[in-house]
Structures are given as C-alpha cells and as structure tokens.
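# Descriptive analysis of the structure
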Amino acid sequence: MTHFPLFLDLKDKEILIFGGGEFALQRVKKLLPFSVRLRVISEQISEEIRQMENYETVILEERTFSENDLERFPPFVIIAEDEEKTAEIYEACKQRHIPVNAVDQPKYCDIIFPSVVSTEHLCIGISSGGISPTATVEFKERIERMIPENMDDILEWMGDLRIYINANLLKEKRKRALRKAFQKAVEMNRPLTSEELQNEIFEKVNDCLDSLFS
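Residues numbered from 1 in each chain as written. Predicted model: local features only at pLDDT ≥ 70, side-chain atom pairs only at ≥ 80, totals over all residues. Heavy atoms only, no water.

## Comments concerning helix α5 (residues 151-168)
As a reminder of what qualifies: Counting from the N terminus, the helices are the DSSP runs of H or I reaching at least four residues and the strands are the DSSP runs of E reaching at least two. Every helix has an expected span of 1.5 Å times one less than the residues it contains. Using a 1.4 Å probe on the protein chains alone, a residue whose accessible area is under 20% of its type maximum counts as buried, one over 50% counts as exposed, and one in between counts as partly exposed.
The terminal C-alpha atoms of α5 lie 25 Å apart, and with 18 residues this matches the ideal 26 Å at 1.5 Å per residue to within 8%. Those residues of α5 not exposed but buried are M151, D152, I154, W157, M158, L161, Y164 and I165.

In structure tokens form, the structure reads like this:
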C-alpha cells in the first residue's frame, strides 16, 4: 500500500474537472456534498452534467483544456478524458506540482478516490489501492449497515461529553470512559441519559453530569 489516506477540507475550494462524460459526472456527484466549488471543462458536456449547473457551486465551460486553467492552482485536478488528453493535462499538472486523479487510468493518478461512507459528521474512506474495486464496494456496504441511524446525534453528544470528561476526569481515565460511553450509545442507537452515564459508565463519578445532560 503506497496511498496514504488523507482528509482535506474542501470547503469553498475550487476543483477542476477536465471531461464532460459519465466518469466526470460520477466525480461531480461524489464531491458535491463536501461544500466544494467545481469547474467542469470539456469540449463536450453531457446533459446530466448540464443539469448540475443549477447548483451554485458547479460551473461549466464548454471548451478545450488550456494550461492557463492551472494558474488557479487547485488542491487537485480530476481528468476524465481519453488517454492522449489525459497525458497532456497530467504533464502540465506535474510541472506545477498539482496532484491529479485520472479516472480509470492509474498511471496518471497521484491520488485515488476511495469508496465513501458518510453522514453529516462521519466520513469513512475505503480503498484497496486500486487492486479490487469490488472489495471496496463490498466493505462500504457492510460498514453502511453497521452505522447507527442516529450516528450524527451520537457524535454531537460525544463532543459535549469529551469537553466534560477532559475537565473532570484524570487523564489516564478519559480515553476508557469515552470509549465505553460511545460503545453504549452505539448499542442503544442514541445518546445516553445522565443517569445511564452515571450508572453504566462513570459509576456516579460526579453529580454534575445532571446539569450537563439533563
């Protein structure tokens, strides 16, 4: 495995997508939930992608690639073109140290797109390094079945709980308490009540829990 999993903050950043067919559409759909701005550049843009222009964050430019496009210095570029065009754009990106994801063309990829499982607050990426896309899809479906319906509520609650624990428990006890609380919340598919925390997690460590979780 040579690809390191890295999560980027894409909010309000602009990604360039060269290509206007089915593969480009797949990338647009995958990136849209991450508050990113997408500029799709291609001589031929499919009707499905044209419909995406209704989103404020999708910009379409029906023309060929220009090296001037890369002066925007996006965090990465997506190429969904034929191999000849892909090689040209990849070389131009390489000269500028701009990472590239070339759809279905691994030799032109600096980054690869994982299968993604996500909620509002949780994001899980799964990759086999391109060896077996089938395996990544299978694991994605298994993980989706494992995630509680109320996961986002649990995660928000865990954020509050972490603040409380850091302020009131000894450092060596914090990790164990948080893990037990999370495991129980996942089991019950909801945040725990103050009473449940006291009885099952903290064994009545502090009555102040009532004021925080009432």
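## Points about unusual backbone geometry
Here D104, not a glycine, exhibits a phi torsion of approximately 65°, which is positive. When you line up the elements, D104 lands in the loop between β5 (100-102) and β6 (115-118). Positive phi, normally seen in glycine, also occurs at N189, with a value near 60°. Mapped onto the secondary structure, N189 falls in the loop between α6 (171-188) and α7 (194-202).

## Some details on a nonpolar patch on the surface
Where we set the bar: Exposure above 30% relative accessible area and the absence of a salt bridge qualify a residue for a patch, where like charges join within 9 Å and nonpolar side chains (Val, Leu, Ile, Met, Phe, Trp, Tyr) within 5 Å. Per-residue and other accessible areas follow the Shrake-Rupley method at a 1.4 Å probe size, with only the shown protein chains counted as cover for residues. The rule for a salt bridge is simple: a side-chain nitrogen of Lys or Arg has to be within 4 Å of a carboxyl oxygen of Asp or Glu.
On the surface, F4, L6 and L8 cluster together to form a nonpolar patch covering roughly 390 Å² of accessible area. On the secondary structure map, L8 appears in the segment before β1 (14-18).

## Looking at the nonpolar core
Keep this limit in mind: Put simply, a nonpolar core is a bunch of buried Ala, Val, Leu, Ile, Met, Phe, Trp, Tyr and Cys residues held in one set by side-chain atoms that sit within 4.5 Å of each other. Contacts are assigned to residue pairs that have any heavy atoms within 4.5 Å of one another.
If you look at the biggest cluster of nonpolar residues, it comprises 20 residues, and the most contacted ones within it are I15, I17, V28, L31, L38, I49 and I78. Counting residues per element, the ones that place at least two in this core are β1, α1 (22-31), β2 (37-42), α2 (47-52) and β3 (58-62). Ranked by residue count, the leading element in this core is α1, at 4 residues. Not counting residues within four places of it along the chain, the set of residues in contact with I17 comprises A24, R27, V28, L38, R39, V40, I41 and I78. Of all hydrophobic cores here, the second largest spans 16 residues; its members include I41, C93, V100 and C109.

## Things to note about the side chain of S115
Worth spelling out the cut-off: Pairing of N or O atoms within 3.5 Å defines a polar contact, subject to two protein rules: one partner must be a possible hydrogen donor and the other a possible acceptor, and residues neighboring in sequence count only if both atoms are side-chain atoms.
Summarising the element assignment, S115 is placed in strand β6. By relative accessible area, S115 is classed as buried at 12%. For S115, the side chain forms a polar contact with the side chain of T136, separated by 3.3 Å. Contact partners of S115, with chain neighbours within four places excluded, come to K30, I124, G125, I126, T136, V137 and K140.

## Quick look at the packing of α5 against α6
Where we set the bar: Between N-to-C directions, angles cover 0 to 180 degrees, with each direction set by a line fitted to C-alpha atoms, over the stretch in contact for helices. In this scheme, roughly parallel covers angles under 35 degrees and roughly antiparallel covers those over 145, while 65 to 115 is roughly perpendicular and the rest are oblique. Should the near helix be turned anticlockwise from the far one by less than a right angle, the crossing is termed left-handed; should it be turned clockwise, right-handed.
One can describe the packing of α5 onto α6 by two numbers: an axis separation of 11 Å at closest approach and a directional angle of 155°. Looking at the two axes, α5 sits roughly antiparallel to α6. Considering the relative orientation of α5 and α6, their crossing is right-handed. Here M151, I154, L155, W157, M158, L161, R162, I165 and N166 of α5 come into contact with α6, specifically with R174, A177, L178, A181, F182, A185 and V186.

## Structural notes on the pattern of salt bridges
One pass over the full model with this rule turns up 14 salt bridges. In this structure, the salt-bridge partner of R63 is E61, at a minimum N-O distance of 2.6 Å. Between K184 and E187 there is a salt bridge, with its nearest N and O atoms 3.5 Å apart. Separated by 3 residues within a single helix, K184 and E187 lie in helix α6, roughly one turn from each other. Residues joined by salt bridges that share partners form a network here, namely E14, R37, R39, E61, R63, D69 and R72.

## Concerning the environment of F65
Looking at the element boundaries, F65 is found in the loop between β3 and β4 (77-79). Separated by 58 residues in sequence, F65 and F7 have C-alpha atoms that sit 28 Å apart.

## Quick look at the side chain of E61
Take E61: it is sitting in strand β3. Residue classification places E61 among the buried residues on the basis of a relative accessible area of 17%. Here the side chain of E61 touches R63 through a polar contact of 2.6 Å, side chain to side chain. When near neighbours in sequence (up to four residues on either side) are disregarded, E61 contacts R39, V40, I41, S42, I45 and R72.

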